[in-house]
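Structural features, examined
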Amino acid sequence: MASPEEEYDTSWVSDLKQVLLSECRVDSIRKVCRGKPVPDTLRAEIWQICLDINPKNEEPWDEIFDLPEQPIIRKDCQSLVDRLGNEEEDKVSVLCDIESVITRYCRQSGYDYDSNWVHLLEPLIALRLPKTKLYSYFCSIHTRFLPKNCAKESSPFHLLRLLLLYHEPELCSFLDTKKITPEAYAESWFGSLFSSTCCLKVIQNMWDIYFQAGDPFLVFYLALVIAINAKEQLLEMRDADKQSIIEELCAMPCRLEAEDVEDFCTVAFHYISCTPPSYTKECQSIIFEGRPPAEDGALLSQALCLPVSVHDLVSRNNTKGDRNIKYFVVDCRPANQYNSGHLSTAFHLDASLMLREPAAFGTAVEALFAAKKQANVVGSVAAGEHICFIGSGREEEDLYVHMVVASFLQKHQHYVSLAQGGYEALHKIIPSSDINVVLASHCAKSCLVCVSQNQNTVNGEETHEKEVSIFDQLATVVKSRSNIVKERLVEYITNPQTEEARHVSSNDRLGKRYRGMAPVFSIGDDEDPDRCTESDEDSSFEEVNIQIWLKKPGVIGTFVCEEIRDIQLRYPGHLIVTETHLYILRTNRQKKGYAHIVAAHPLTSIVKITSKRKCPEWITFAYGHIEDDGIVVQSRDHLFIPKAGDATSLIKYRIYAMGEQSSER
């Protein structure tokens, strides 16, 4: 809060007026205003400078109203004019200006009309701008500051969830449990920059600060602060229904007062300073430039936690603007890889211990936290509050790393991130002259990245053959180390003998027992063979377009997953649930956007669903039939599903529904 002296100090307003007399730039305004709301009389001029609007660039205007959605646009514009309460003689003029601006922008930008646009125009109408300037202001705000592609489960909402998971994992977990995704409460926040929910004076003050900052990502942190401020009320609503929680969260911005805005934005800037900045470079074009997210959208939609660039880890002690984030780096590769080279400030935690030796893994985690605490106390260069996990960068190996990260998130650990590309990406950005300075214990002869790079330098036609050869050699090394691990992992997947069962049992049924279904979903001592009669060659499976399949009629749920064949065979893909069947699609790595259907089962053939207490994302589906003497399991699928709870719940209740329908017939 401002001190009494600062609150009544208006000398800066005189300085601001003086600055505006010259051809000032936004930097000059920032220096004078220092993130404060501006006087009403100067707002239009200041916004014009901050939005970089050149009045000389105004183009000829037409008044053609012929869009297919024109009736909807006119109706929404009329509702806005009625709310504004203008004099009768002004209403027609204002209505025509608003409809003309929206129609022109739809035609010139190519964007479909969004009902949030009328709310976005409301603070601009208060400036009493001529129509051409009104259009220029609206165009600049929509282009620079409004998140695009705000469809259901789109990139902006994935990003907001990742930020919430990073800063308030407990609240994020609560909302996930209630199946409340960010689009349920933040769609209008993003679409109107809060103008649809806050009063005019609040929006004017908020936009004053927003446009001065010039950071389009600020809207995400404003939304983050609102959600975090509501944490206490939301957690007290554990027994409330989903809609009541959404309504409570949606109502939070309405309670903002104009005098609260400066402090509100200050808190948002604090969270910006405590967040790794690298994701903004990756997401800028996806979120604010309207580029289709087909290629890069997976960065957010499939992220287990906030992704961090390896460049951030190398420059971890350098201040970037107002951010000085120090990472506690946890290298989760196997010990032999870690000992062949690692970031000099990284601590080691072998991720494979989580399955091989759970007790040893628990001890290692305790030691890790003790080292983190000690490093912070003594001010070590390796100290940091922000935990960044780093794997090898090879998808198959990093499954273990993802499991470790998930375990930390389940414990509501703050500031958890994952280095993009892992050690391989880190190694590649380090100049060869600095490799032994940045990396500790680096040995070019045993470092897998160095071995691979050296092999790729072989000239002529031998390059490809040598590349294949070296990976064959690496696979042999991994196989030689993993024989025992493989046996234990298969046992862990199929036979959780030492763990208390996590299961869906017959006690959970809704409705009556029905014909043709197993009497229980549970974890048992599954000793039957896995699904192995089918060919593992992709060429033997039907190839399909992933996006077409995800949108097929009858699909009621889709889930990103990894198909687990054995210790060294894991395939990324999708689990697709229709009203009657379960399908597993394995991503075709040689043909982007396509996958192979490797499993298709009627839901009624599922006789058992198994999950692991220490890794609930690890799911086994057992298929078979019922005989007089019990369940006969004919095959299984093992999957790692990040949203396992949602997937198994959907499948379970769909099977129940099918059973009820069968009983009624």
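For the structure itself, look to the data block above.
Just so it is clear, the model here is predicted, and its values are computed rather than measured. Along each chain, numbering runs from 1 in the same order as the chain's sequence is written. Predicted model: local features are reported for residues with pLDDT of at least 70 only, side-chain atom pairs are reported and counted for 80 or more only, and whole-chain, interface and lining totals are derived from all residues. Excluded from the side-chain calculations are hydrogens and water; all other atoms, namely the structure's heavy atoms, are used.

Some words on the overall build of the protein chain
Per the convention used, a helix needs a DSSP run of H or I reaching at least four residues, while a strand needs a run of E reaching at least two, with both numbered from the N terminus. On a plain count of helices and strands, the protein chain comes out with 29 helices and 15 strands. When each of the 665 residues of the protein chain is scored for burial, the buried share is 49%. The contact definition used throughout considers only heavy atoms, calling two residues in contact when any of these lie within 4.5 Å. Sequence separation of at least 24 residues holds for 68% of the intrachain contacts in the protein chain that already meet a minimum separation of 6. Here, Shrake-Rupley sampling with a 1.4 Å probe gives the accessible areas, and only protein chains in the shown set may cover a residue. Accessible surface, the protein chain as shown: approximately 31800 Å² in total, 50% of it carbon and sulfur. Throughout, exposure labels follow a simple rule: accessible area from a 1.4 Å probe, protein chains only, divided by the maximum for the residue type, with under 20% read as buried, over 50% as exposed, and the rest as partly exposed.

Examining unusual backbone geometry
A positive phi is found at R128, a non-glycine position, where the angle reads about 55°. Counting through the fold element by element, R128 comes out in the loop between helix 7 (116-125) and helix 8 (131-145). Overall, the relative accessible area of 71% leaves R128 in the exposed class. Residues other than glycine seldom take positive phi values, yet F194 does so here, at roughly 75°.

Here's the deal with the packing of helix 9 (residues 155-167) against helix 17 (residues 278-288)
Note on definitions: angles span 0 to 180 degrees between N-to-C directions of axes, and those axes are lines fitted to C-alpha atoms, for helices only across the stretch in contact. The contact between helix 9 and helix 17 brings their axes to 10 Å, and the two run at 155°. In this view, helix 9 runs roughly antiparallel relative to helix 17, as classed from their interaxial angle. Between helix 9, through S155, P156, L159 and L163, and helix 17, the contact on the second element is made entirely by Y279, I286 and I287. When residues are sorted by character, Ala, Val, Leu, Ile, Met, Phe, Trp, Tyr, Cys and Pro go into the nonpolar class, Asp, Glu, Lys and Arg into the charged class, and all the rest, Gly among them, into the polar class. Here the contact of helix 9 with helix 17 is composed, by residue class, of six nonpolar, one polar and no charged. Oblique is the label for any angle not covered by the other classes, which are roughly parallel (under 35 degrees), roughly antiparallel (over 145) and roughly perpendicular (65 to 115).

Some remarks on the side chain of H427
Within the secondary structure layout, H427 lies in helix 24 (residues 422-429). Among the residues examined, H427 registers a relative accessible area of 5% and is labelled buried.

Looking at the environment of S392
Tracing the sequence through the fold places S392 in the loop between strand 5 (386-390) and helix 23 (399-410). Residue class for S392 comes out buried when judged on its relative accessible area of 2%. Here S392 is in contact with R333, Q337, E397, D398, G421, G422, Y423 and E424, once residues within four sequence places are set aside. Within polar-contact distance, the side chain of S392 engages the side chain of E397 at 3.2 Å. The definition of a polar contact used here is a pair of N or O atoms within 3.5 Å, where within protein one atom must be able to donate a hydrogen and the other to accept one, and adjacent residues in sequence count solely through side-chain atom pairs.

Focus on the packing of helix 13 (residues 218-229) against helix 16 (residues 261-273)
Axis separation between helix 13 and helix 16 bottoms out at 9 Å; the angle between their running directions is 105°. Considering their axes alone, helix 13 and helix 16 lie roughly perpendicular with respect to each other. Residues L218, Y221, L222, L224, V225, I226 and I228 of helix 13 form the contact with helix 16, whose own contacting residues are F264, C265, V267, A268, F269, Y271 and I272. Taken together, the residues of the contact of helix 13 with helix 16 sort by class into 14 nonpolar, no polar and no charged.

Structural notes on the sheet that holds strand 5
Note on pairing: two strands pair once DSSP finds at least 2 bridges between them. The strand order across the open sheet formed by five strands is 1-6-5-2-4, and the pairing between neighbours is parallel. The open sheet has two free edges, formed respectively by strand 1 (306-308) and strand 4 (347-348), since each of these has just one partner strand. In terms of strand pairing, strand 1 meets strand 6 (residues 416-419) through three bridges, oriented parallel. When the sheet's bridge partners are listed, L306 is paired in strand 6 with S417.

Some details on the pairing of strand 15 (residues 630-640)
Both strand 14 (residues 618-627) and strand 15 contribute to a ladder of 10 bridges, which runs antiparallel. When the sheet's bridge partners are listed, Y623 is paired in strand 15 with S635. If you look at the hairpin formed by strand 14 and strand 15, you'll find two residues sitting between the two strands.

Some thoughts on the packing of aromatic side chains
The criterion for an aromatic pair is that two Phe, Tyr or Trp rings (for Trp, the six-membered ring) have centres within 6.5 Å, with stacked assigned to planes under 30 degrees apart, edge-to-face to planes over 60 apart and tilted to the rest. Following the criterion strictly, the structure yields 25 aromatic pairs and no others. Pairing F145 with Y210 gives two aromatic rings, centres 5.1 Å apart and planes at 70°, and the pair type is edge-to-face. Of the two residues, F145 sits in helix 8 while Y210 sits in helix 12 (residues 200-213), which places them 65 residues apart along the sequence. Taken as a pair, F145 and Y210 share a single burial class, namely buried.

With respect to helix 3 (residues 26-33)
Side chains that are three or four residues apart share a direction in an α-helix, a result of its 3.6 residues per turn. Listed as buried for helix 3 are V26, I29, V32 and C33. The arc that holds every buried residue of helix 3, seen down its axis, measures 125°, which confines them to one face. Buried positions along helix 3 lie against helix 2 (11-21), helix 4 (43-50) and helix 12. One or two steps after helix 3, the chain reaches R34, where phi turns positive at roughly 50°. Directions are taken from the helix axis to each C-beta atom, and the arc is the one they span.

Details of the pattern of salt bridges
Should a side-chain nitrogen of Lys or Arg be within 4 Å of a carboxyl oxygen of Asp or Glu, the pair is scored as a salt bridge. For the coordinates displayed, the defined rule picks out 21 salt bridges. Across the pair D40 and K201 runs a salt bridge, and its minimum N-O distance is 3.0 Å. Of the two residues, D40 sits in the loop between helix 3 and helix 4 while K201 sits in helix 12, which places them 161 residues apart along the sequence. Relative accessible area serves as the criterion here: at 34%, K201 is assigned to the partly exposed category. Note that E170 is salt-bridged to R238, the shortest N-O span being 3.8 Å. Taken together, the positions of E170 in helix 10 (residues 169-177) and R238 in the loop between helix 14 (231-235) and helix 15 (242-250) put the pair 68 residues apart, joining distant regions of the chain. A residue is classified by how much of its surface remains accessible, and E170, at 29% relative accessible area, is partly exposed. A relative accessible area of 45% places R238 in the partly exposed class.

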